[in-house]
Amino acid sequence: MSVHQQQAHGRPEFSQRHWRGVSLAALVVALTCGGSALAAEDEVAQAAPTQAPAAVDGSSGNIEEIVVTARRREEKAQDVPIPITVIGGDDLANKGTVRIEDIGRLLPSTNVTYSNPRQNSVAVRGLGNNPANEGLESSVGLFVDGVYYSRPGMGVIELTDLEQVELLRGPQGTLFGKNTTGGALNITTKRPTFTPGVTGEASYGSYNERAFRASVNGGITDTQAVRVSLYDTRRDGILQGLARPDQNDRERQGVRGQWLFDNKENFDLRLIADYHQEDDQQGVSSQAFRFTNRKQTYLTNRANLAAAAAGAGQTLLAPDGNYNAWDRTSFANDSYEKKVHQGGASAEANWKFGDGYNLTSLSAFRRWDFRPYNDGDNLNLNVITNSGGEVLANQISQEIRLSSPTGNLVDYTTGLYYYLSRQKYHNFSEYGDNAAILNAYGYANRYVGKQVISDAQLGTDSYAAFGQANVHATDALTITPGARYTYERKNIVANRDLDGTSLTLPDTQVTEENVKSYSLTALLAADYKVNDNLNLFTSVSHGAKAGATNATYPTGASLNRENLIVRPEKINAVELGFKSRLLDRRATLNGNIYYEVVRDYQAQGQVWNPATNGYTGTLVNTGWVDTKGAELEGSYKPLPGLTLRSGLSYNLAKYRSYRNGACAPENNLPGGSVCDLSGRDVQGAPRWIGSVGADYTQEVEDGIEAYVGTDFTFRSGSFGTNDNSEFGRIDGYGLVNLFAGTRLNDGQIDVQLWVRNLFDKEYVNSTGIGSQFWTGTYSANLGDPRTVGVTGKVKF
């Protein structure tokens, strides 16, 4: 049976018990969208803004105030006593920054890794760098228009028509739906308005990059308005294969429609539906990016495989000892196609009562369907002809939140939250039919022509009650207690078919495991308003993330509770900071220091897999992690039209205790050894992250203005693989982007020239450990080279 036939006929199906929860929750959303006006999942302690951020008041020269709802009330960002970074949607669009992996470079203490739509992650303060495990919820939550996106891949879309992006750092959960331990990235899109408007944008650039984006907005009655946004982006590949050209290209399309009802008195309802698709060649790494101290092992393997290929009348294409990864070549002879179909709907309703109380409800449904086709051997030979992990994820969420009036001694927000997730994970590897070639690659004869399948059905049901109050002890001092109680139930049904490839394990095995978690998390904070231009704040918090199920269990390990369940992740954090306005409010300067201790950090670790005679990724508890550091952000308007921005963070994230880690090759230990990584840096945690930017706009004549802007972002080196090998280390790098343009007819026409990675810096997004044939090497996913282009925009 072919892989494609297996995908069609061999995928595991959820039992009726698994899908019953989905059906009931879907009914809630259907009723909501049909008119019952439920809606609420503003999960992040940030959320829908009421005005565009970070513009400059041209007449006064003051930095314009940003309004957020970080504490579920409209407040100026400078008055919110938490570490929060806000970037305006128009500012991001002007820079051409429309993908999470690009946005992450502008945020302090944030590291985004990206390989393909499934293998990506967002880490804050060193926590959350854990891609590609369906049973793992990220330490950093991603929220779009208040809706929690359970899979990191759900955020791999073109982020267009945005209001703003907000990053909260530290444990979250006492003010909104889904709880997180490391932070929350909240993305809000522009709401429908009653003022008619049309925008259009087209771009062309290097590597035949083409992008089209548009939005239509306006009122249809006095109380109803609609907004439709869409995009289509394409780019040729930046990696050229010797056997198959044009790899790591990009092709994405999407549409989002919104309907707003506002009676202009005490009730509004916002319905959103969106759909996105992707079909491209992604996740192709440069093999042999670095050779290790075991380089000779690889060269011997190469010689043996070349001889086996010659015996079959083929010629091996593989890196030699002088290979340079920056030639941007690949040796795969087959596809790395990634297909994604995703979408969802949400309904948010807000009631305002005469005595100042506000009731909010947010219902949402999302679906994410990921289908890969991978050349599993990264060569021009048919060793592993197809491999990958298919994912079908469905989720339902419902939040109801009540906020009290302000102006009293105590004001508060409290709510209830329900979240349901059902996933199917289908992992497959199909092997070639030439025994000599498979033997030389590292597989025994029993693998010839076989197909190994590992499936998992995963379910999550989460219930929570939360609340937070502000006690205004004096006009200057406010004490803020908060608490959250969460009950979470998770289930995994693992089903494996080894197709006769194992000498020690049964061909087929089915196992079911369950895990229940109860957690009480809390916050105690205080802020002191020294004067109108200076706020001081501090907080102590305890966060938690439920126990997890492991979908990426090793093919050579038994299916038991030890390999399928990991313990809950818990964090204690303390924060101390300030927010200030300076120079007659022409500048802002915010800073904070923090210390966080994590117990049983959930991470994608490496364990020895006897089936492949190498390390393989799987979900583990690493033990204890410490992260501590400082963050500083500022902006300055020295003269009308010129805005300067900067951000700098120092983060020291270390394993306090991690005794069951993988062993780096430089340790010179035999396969299967376990190494103590205690005291070592956490994977994917650069110590220094920073950015510096400037924008200047000058009116040339009436209705015409010219503008120019630049950003320099940088980060220090970090370990790219979880064996903490120096060979897998990602070197520090800095990138410079530049743009310049002209706006005509009071901004109705905008033409911009842009350059990204101005100095063509060679940098790496992520690295990987080589095994079997590739023993003695580390692979790398390379960053984009310099690109130049032009963008034209119209607005009516």
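Source: prediction; values computed, not measured.

Participant: Explain the overall build of the protein to me, please; I cannot follow it from the model alone.
Facilitator: On a plain count of helices and strands, the protein comes out with seven helices and 42 strands. The globule rule puts the C-alpha radius of gyration for 796 residues at 28 Å, and the 26 Å found for the protein is close to it. Along the longest, intermediate and shortest principal axes, the C-alpha atoms of the protein span 80 × 60 × 50 Å. For the protein, the proportion of its 796 residues judged to be buried stands at 60%. Partitioning the intrachain contacts of the protein with sequence separation of at least 6 by distance along the chain shows that 71% fall at a separation of at least 24. Surface summary for the protein: the accessible area is close to 29700 Å², and the carbon and sulfur share equals 54%. Counting 75 positive and 87 negative side-chain charges, the protein places the averaged centre of each group 4 Å from the other.

Participant: Mind showing me how you'd approach the pattern of salt bridges here?
Facilitator: As a working rule, side chains carrying opposite charge can pair if their charged atoms are close by. Under the counting rule described, the total for this entry stands at 48 salt bridges. Between E251 and R234 there is a salt bridge, with its nearest N and O atoms 3.0 Å apart. Here the residue E251 occupies a position in strand β14 (residues 250-262), and R234 occupies one in strand β12 (residues 224-235), the gap between them amounting to 17 residues. A relative accessible area of 29% means that R234 is categorised as partly exposed.

Participant: Mind showing me how you'd approach the state of the cysteines here?
Facilitator: A covalent bond between the sulfur atoms of two cysteines is referred to as a disulfide. Per the counting criterion, the structure on display carries one disulfide. There is a disulfide in this structure between C663 and C675, and the S-S distance comes to 2.1 Å. Looking along the S-S bond of the C663-C675 disulfide, the torsion reads about 110°, which is the right-handed sense. Taken together, the positions of C663 in the loop between β33 (642-657) and β34 (688-701) and C675 in the loop between β33 and β34 put the pair 12 residues apart, joining distant regions of the chain.

Participant: For this particular structure, what's the right way to read the nonpolar core?
Facilitator: A general feature of soluble globular proteins is that nonpolar side chains tend to end up buried together. Membership of the largest hydrophobic core comes to 41 residues, with the highest contact counts inside it found for L92, I100, L159, V165, I187 and W368. It is strand β19 (residues 358-374) that provides the largest number of residues to this core, a total of four residues. Aside from chain neighbours lying at most four places away, what touches L92 is I87, T97, I103, L106, L162 and V165.

Participant: In this structure, what is going on with the sheet that holds strand β8 (residues 162-169)? I would like to understand it.
Facilitator: Note: strands within a sheet are paired through backbone hydrogen bonds, in either parallel or antiparallel orientation. Read across the sheet, five strands follow the order β3-β8-β9-β6-β7 without closing on themselves; strand pairing throughout is mixed. What marks the edges here is a single partner per strand, and that holds for β3 (84-88) and β7 (147-149). Between one strand and the next, the sheet's axes are offset by a mean angle of 20°, whatever the strand orientation. Across five bridges, β3 lies against β8 in antiparallel orientation.

Participant: How should the packing of aromatic side chains be read in this particular structure?
Facilitator: Remark: the centre distance and the inter-plane angle together describe each pair of aromatic rings, the angle taken between the planes. Evaluated as defined, the whole model comprises 26 aromatic pairs. Measuring from ring centre to ring centre gives 5.6 Å for W368 and F370, while their planes differ by 10°; the resulting arrangement is stacked. Neither residue differs from the other here; W368 and F370 are each classed as buried. Aromatic pair Y443 and Y447: ring centres 4.8 Å apart, planes at 50°, arrangement tilted.

Participant: Honestly, the sheet that holds strand β16 (residues 286-291) in this entry has me stumped. Any pointers?
Facilitator: A sheet is described by the order of its strands in space; here three strands give the open sequence β16-β41-β40, paired in antiparallel fashion. Each edge of the open sheet is held by one strand with a lone partner, namely β16 and β40 (764-769). Put simply, the sheet's adjacent strands are angled 40° from each other on average, direction ignored. In the sheet, β16 pairs with strand β41 (residues 777-782) via three bridges, with the strands oriented antiparallel. In the sheet register, F291 faces β41, and the bridge partner there is T777.

Participant: Would you mind going over a negative patch on the surface with me for this structure?
Facilitator: A cluster of acidic residues, E699, E701, D702 and D746, forms a negative patch at the surface. Positionally, E701 belongs in strand β34.

Participant: Explain helix α5 (residues 295-311) here, please?
Facilitator: Each turn of an α-helix holds 3.6 residues, which means side chains three or four residues apart point in the same direction. Its 17 residues give α5 an end-to-end C-alpha distance of 25 Å, which sits within 8% of 24 Å, the value for a rise of 1.5 Å per residue. Structurally, α5 contributes buried residues whose contacts are with β16, α6 (435-441) and β41. G313 sits one or two positions beyond α5 and adopts a positive phi of about 75°.

Participant: Help me out: how do you make sense of the environment of R250 in this one?
Facilitator: Here R250 shows up in strand β14. In this structure, the C-alpha to C-alpha distance between R250 and V165, residues 85 residues apart in sequence, is 23 Å. In this structure, R250 is in contact with R99, E158, T233, R234, R235, D280, Q282 and D784, ignoring residues within four places of it in sequence.

Participant: Is there a simple way to explain the environment of G218 in this structure?
Facilitator: Note on placement: G218 falls in strand β11 (residues 209-219). If sequence neighbours within four positions are ignored, G218 has contacts with T193, F194, T195, P196, A225 and V226.

Calculation rules
- Residues numbered from 1 in each chain as written.
- Predicted model: local features only at pLDDT ≥ 70, side-chain atom pairs only at ≥ 80, totals over all residues.
- Heavy atoms only, no water.
- Helix = DSSP H or I, 4+ residues; strand = E, 2+ residues; numbered from the N terminus.
- Rg over C-alpha atoms; globule rule 2.2 N^0.38 Å.
- Buried < 20%, exposed > 50% of the residue type's maximum accessible area, 1.4 Å probe, protein only.
- Contact = heavy atoms within 4.5 Å.
- Areas by Shrake-Rupley, 256 points an atom, 1.4 Å probe, with all protein chains shown as cover.
- Lys, Arg positive; Asp, Glu negative; His and termini not counted.
- Charge placed at Lys NZ, Arg CZ, Asp CG, Glu CD.
- Salt bridge = Lys/Arg side-chain N within 4 Å of Asp/Glu carboxyl O.
- Disulfide = S-S within 2.5 Å.
- Core = buried A, V, L, I, M, F, W, Y, C linked by side-chain atoms within 4.5 Å.
- Pairing = 2+ DSSP bridges.
- Axes fitted to C-alpha atoms, helices over the stretch in contact; angles between N-to-C directions.
- Phe/Tyr/Trp six-rings, centres within 6.5 Å; stacked < 30°, edge-to-face > 60°.
- Patch = residues over 30% accessible without salt bridge, like charges linked within 9 Å, V, L, I, M, F, W, Y side chains within 5 Å.
- Expected span 1.5 Å × (residues − 1).

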